[in-house]
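Structural characterization, general
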Amino acid sequence: MSNKMKMATKNMTFHYGAFKALDDITLEFRENQVTALIGPSGCGKSTFLRSLNRMNDIIPAARVEGQVLLDGEDVYGPNVDVVEIRKRVGMVFQKPNPFPKTIFNDVAYGLRIKGIKNRGELQARVEASLKAAAIWDEVKDRLNESALSLSGGQQQRLCIARALAIEPEVVLMDEPASALDPIATQKIEELIRELKKSYTIIIVTHNMQQAARISNITAFFYMGRLIEVDKTETIFTKPSLKQTEDYITGRFG
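One structure accompanies this document, and this report is about it. Given the structure is predicted, the values throughout are model-derived calculations rather than measurements.

Next up on the list: the sheet that holds strand β1 (residues 5-16). Ordered by their spatial adjacency, four strands build an open sheet running β2-β1-β4-β5, and the pairing between neighbours is antiparallel. Whereas interior strands pair on both sides, the edge strands pair on one side only; in this sheet they are β2 (19-30) and β5 (73-74). As defined by bridge partners, β1 adjoins strand β4 (residues 62-70) across eight bridges and the pair is classed as antiparallel. Pairing of M7 across the sheet is with L70, part of β4.

For R54, the location among the structural elements is in the loop between α1 (45-51) and β4. If we skip the residues at most four places from it in the chain, R54 touches V75, Y76, G77, V80, V82 and R86.

What follows concerns the pattern of salt bridges. Enumeration over the complete set of coordinates arrives at 21 salt bridges. With its nearest N and O atoms 3.5 Å apart, the salt bridge here joins R63 to E65. R88 is paired through a salt bridge with D71; the nearest N and O atoms lie 2.9 Å apart. In this pair, R88 sits in helix α2 (residues 82-88) while D71 sits in the loop between β4 and β5, placing the two residues 17 residues apart along the sequence. What makes R88 partly exposed here is its relative accessible area of 22%. When salt bridges with common partners are traced through the structure, they connect K4, K6, E31, D71, R88 and E169 into a single cluster.

Let us now look at the pairing of strand β9 (residues 217-222). For β9, a buried count of five out of six residues is recorded, marking the element as mostly surrounded by other parts of the structure. Bridging between strand β3 (residues 34-38) and β9 involves four bridges; their strand directions are parallel. Looking at the pairing, I38 lines up with F220 of β9. In this sheet, strand β10 (residues 225-231) lies alongside β9 in antiparallel orientation, the contact comprising six bridges. Considered in β10, the bridge of I217 is made with K231.

Turning to the nonpolar core, a few remarks are in order. Among the nonpolar cores identified, the biggest contains 46 residues, and L130, I160, M173, I192, L195 and I201 are the most heavily contacted of them. When residues in this core are grouped by element, the largest group, six residues, is from helix α6 (residues 152-165). Not counting the four nearest positions on each side in its chain, I192 is found in contact with V34, M173, I201, I203 and I214. Counting residues in each nonpolar core, the second largest holds 26 residues, with F14, L37, C43 and A219 among its members.

With their axes 7 Å apart at the nearest point, helix α3 (residues 103-113) and α6 run at an angle of 30° to one another. By the angle between their directions, the pair α3 and α6 is classed as roughly parallel. Crossing angle aside, the handedness with which α3 passes α6 is right-handed. Listed contacts from α6 to I103, D106, V107 and L111 of α3 are L158, A161, R162 and A165.

In this structure the tally under the stated criterion is five aromatic pairs. Ring geometry for F220 versus Y247: centroids 5.1 Å apart, planes at 20°, classification stacked. Residue F220 is located in strand β9, and its partner Y247 is located in helix α10 (residues 242-248); the two are separated by 27 residues in the primary sequence. Among the residues examined, Y247 registers a relative accessible area of 6% and is labelled buried. An aromatic cluster is defined as three or more aromatic residues linked by ring pairs; in this entry it consists of F29, F48 and F221. Across the ring face of F104, the terminal group of R119 is positioned such that the distance to the ring centre comes to 4.6 Å. The positively charged end of R162 is found above the aromatic ring belonging to F99, 4.0 Å away from the centroid.

Quick notes on the rules
- Residues numbered from 1 in each chain as written.
- Predicted model: local features only at pLDDT ≥ 70, side-chain atom pairs only at ≥ 80, totals over all residues.
- Heavy atoms only, no water.
- Pairing = 2+ DSSP bridges.
- Helix = DSSP H or I, 4+ residues; strand = E, 2+ residues; numbered from the N terminus.
- Contact = heavy atoms within 4.5 Å.
- Salt bridge = Lys/Arg side-chain N within 4 Å of Asp/Glu carboxyl O.
- Buried < 20%, exposed > 50% of the residue type's maximum accessible area, 1.4 Å probe, protein only.
- Core = buried A, V, L, I, M, F, W, Y, C linked by side-chain atoms within 4.5 Å.
- Axes fitted to C-alpha atoms, helices over the stretch in contact; angles between N-to-C directions.
- Parallel < 35°, antiparallel > 145°, perpendicular 65-115°, else oblique.
- Left-handed = near helix turned anticlockwise from the far one by under 90°.
- Phe/Tyr/Trp six-rings, centres within 6.5 Å; stacked < 30°, edge-to-face > 60°.
- Lys NZ or Arg CZ within 6 Å of the ring centre and 35° of its normal.

So this is what it looks like as structure tokens:
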């Protein structure tokens, strides 16, 4: 497991207009590790996740202070290409959001935007991405069918394949299994364990057991602040703060 820092936030504060959604967050994300962000609803986890690849830019009056670093460079710097950031930092959302296209064209979408037109290269990259997302065997004979014909769990793995196709370095996941049944959830968790060999993964989850099963590091957020961060095992067995313990044991949240 690499110990190299891939991303970090330093004294990062996030405002929606006058409302301060995140306050002074300093957090590091290491290569080939899964970091889970936990905390009650509305505590800022998803806002934090979306600020890492500037997904919040589209929200009027959103403002970031402090730094968000990718390989040591501030993603909010003056000369940064946002499209390039989003290629390097991919995103998988809570609800599967396949495009109303064929399975093949759904995964190839980002590759075509990047200018890849060669059919052979497209086929190779689509196949590699579907294999990486552990769904190739289920869809290899259905590539010309609509992506919307897949089950929810399959759609989510297809969305992961689409995110992987453009070869990101970091993958953000916003509760990727919350809309799925237990069997589909297990497949997504197995996939995350496999993907961390190649990617840095940051996942928001409401599911404590899931965080305990799949992450190396857990960060506990509450009311827009980072309360505690440590190795997952430490957070779940001997957290330093009573507030963390109370949340994990279900006394609040």
